[in-house]
Each structure stands twice: as structure tokens, then as C-alpha cells.
Amino acid sequence: MSEPVVQVEQLSRRFGKRWALARVDLTLYAGERLLIMGQNGSGKTTFLRILATLTQPTLGTVRLFGADPVRDPWSARARLALLSHQPSVYEDLSARDNLRILARLRGIPDQTASWLERVGLEDRPEPVHTYSAGMRKRLSFARVLAQEPQLVMIDEPYGQLDPGGFALVDGLIREISERGATVILASHLVERASRLTERALLLHRGQPRWTGEASRAPLAWQTLHEEAR
């Protein structure tokens, strides 16, 4: 079998006296799709930020594409993308100009028109600072389509979207996966996200509570809520 894209062992992160993440083990191979679920404060975002090399673990080990991202974060960053709540874009430029700059910096063919059409922003010439949260999310997905990363992590993909945006995001996630990328979704919409993934991990107060097939994730999520009552 090929080398794992993601491999973490006993991964833990502490902020002050509080453990935001504790003893997480996970291995993902190319093309796998994982759903991470958990209540607010369960450690989902911390986990994604560690994999994106934006936060360092307190304990445990993490390897991306077979290498240690703590020692060499830049080689990992060239092969991954994190779609978070705050996209990294040039606020005073349009979506079109943002993507043109990205193509130039990455040395990739400029297919700006195609990328914008795919996310429904082809007719939006305004600067990004005027965009709604949903439009910003669409631009973030356009950036991923342009970069074609091997590991894509999405934190709450459906947040701040209308019903049309939900369907668009579903299609984009499937498209990214069909390109062979490993995909990690962190979402509260477990029923919907489980249909796009193969495996699932439930975090509770930073610790792994359940792991299994994504088709069984809604039941695990429901059980957690019933126990919390």
C-alpha cells in the first residue's frame, strides 16, 4: 500500500491548562474522505489547524505525505489546502484578480473564467470586501480548484450558505474527491456530510469518542446528544 497522506499518533494540543485535543490516532490514504464531527469546542478546528501546519501539537506525532510538517511546514503547505471561516484573499481585488494572482504565483495555467463559472462568481466584478460570507466561501472553493491540492480540509463547508449553495458545495466536494484528493470535512450537518464521506471520527471534549463508517455517523452523533441531555 502507498504511504499515508495523513498519519497521526496520540496527537494532543494544550492551551494553558485545557487540553483542546487529546490522544488522537488517525491514518488516511490518497483519495479517502473523512468526516469529523463534534460539538463546539470538541477539537475539530484545532485538529485541522495542526494538519494545516498553522498550530503545532503539544504531544504526539503528525506526518503528512511521509514527512514531519513541524520541521518542514512549507513542503506540506504546497500540497494541502484548508478552507476555514476566514479565507486568505486580497480584500480590495475582485475574485477574478485574486485567482489570476494565485495562478501567477503558483505557476499554473490561468483558467480563471472556468474556476469562477464553476462556483457561480463569473458575473461578480466587485472587490472581495463587499462579498457576503457565502460568496467568500465560493471563492475559497475556486482557489482549491485552481491549486489542485492533494489534501483538502474544510471547516464547516455549509456555514452561511443558502440552499443553492449547499448543492453547489456538495458537487464541488465530489469533484475535488474525484480528482484523487484526500478530503477531511468538519461539519455539524452530519446527515448531509456523511453522504460525501467514507469514514467518520467523533470528537468529544478533544478526545476520540467514536470512529467508523460514515454511514453510521448520524447514529453516533444522535447517541452523543442523547447522552448529553
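Keep in mind it's a predicted model, so treat the numbers as computed, not measured.

Q: Outline the packing of helix H5 (residues 133-147) against helix H6 (residues 163-178), listing residues and values.
A: In the contact formed by H5 and H6, the axes pass within 11 Å of each other and the chain directions differ by 15°. One way to sum up the angle between H5 and H6 is to call them roughly parallel. Note on packing geometry: the crossing formed by H5 with H6 is left-handed. Of the residues in H6, those touching H5 at Arg138, Phe141, Val144 and Leu145 are Gly164, Gly165, Leu168, Val169, Leu172, Ile173, Glu175 and Ile176. Considered class by class, the residues forming the contact of H5 with H6 number eight nonpolar, two polar and two charged.

Q: If you had to explain unusual backbone geometry to someone new, which residues and values would you point to?
A: The backbone phi angle of Arg23 is positive, close to 55°, even though this residue is not glycine. Its location among the elements puts Arg23 in strand E2 (residues 18-28). One non-glycine residue, Glu148, lies in the positive phi region at around 50°. The residue Glu148 is located in the loop between H5 and strand E6 (151-155) in this model.

Q: Help me get a handle on the pattern of salt bridges, residues and values and all.
A: Enumeration according to the criterion identifies 10 salt bridges in this entry. Of the charged contacts, one joins Glu198 and Arg33 as a salt bridge, the two residues approaching to 3.7 Å between their closest N and O atoms. Taken together, the residues span a long stretch of sequence, with Glu198 in the loop between helix H7 (190-194) and strand E8 (199-204) and Arg33 in strand E3 (residues 33-37) at a distance of 165 residues. The exposure class of Arg33 is partly exposed, given its relative accessible area of 22%. Through salt bridges with shared partners, a single ionic network connects Arg118, Glu148, Glu175 and Arg179.

Rules used in this analysis
Residues numbered from 1 in each chain as written. Predicted model: local features only at pLDDT ≥ 70, side-chain atom pairs only at ≥ 80, totals over all residues. Heavy atoms only, no water. Axes fitted to C-alpha atoms, helices over the stretch in contact; angles between N-to-C directions. Helix = DSSP H or I, 4+ residues; strand = E, 2+ residues; numbered from the N terminus. Parallel < 35°, antiparallel > 145°, perpendicular 65-115°, else oblique. Left-handed = near helix turned anticlockwise from the far one by under 90°. Contact = heavy atoms within 4.5 Å. Nonpolar A, V, L, I, M, F, W, Y, C, P; charged D, E, K, R; others polar. Salt bridge = Lys/Arg side-chain N within 4 Å of Asp/Glu carboxyl O. Buried < 20%, exposed > 50% of the residue type's maximum accessible area, 1.4 Å probe, protein only.

Function cannot be inferred from these measures alone, as they are strictly geometric.
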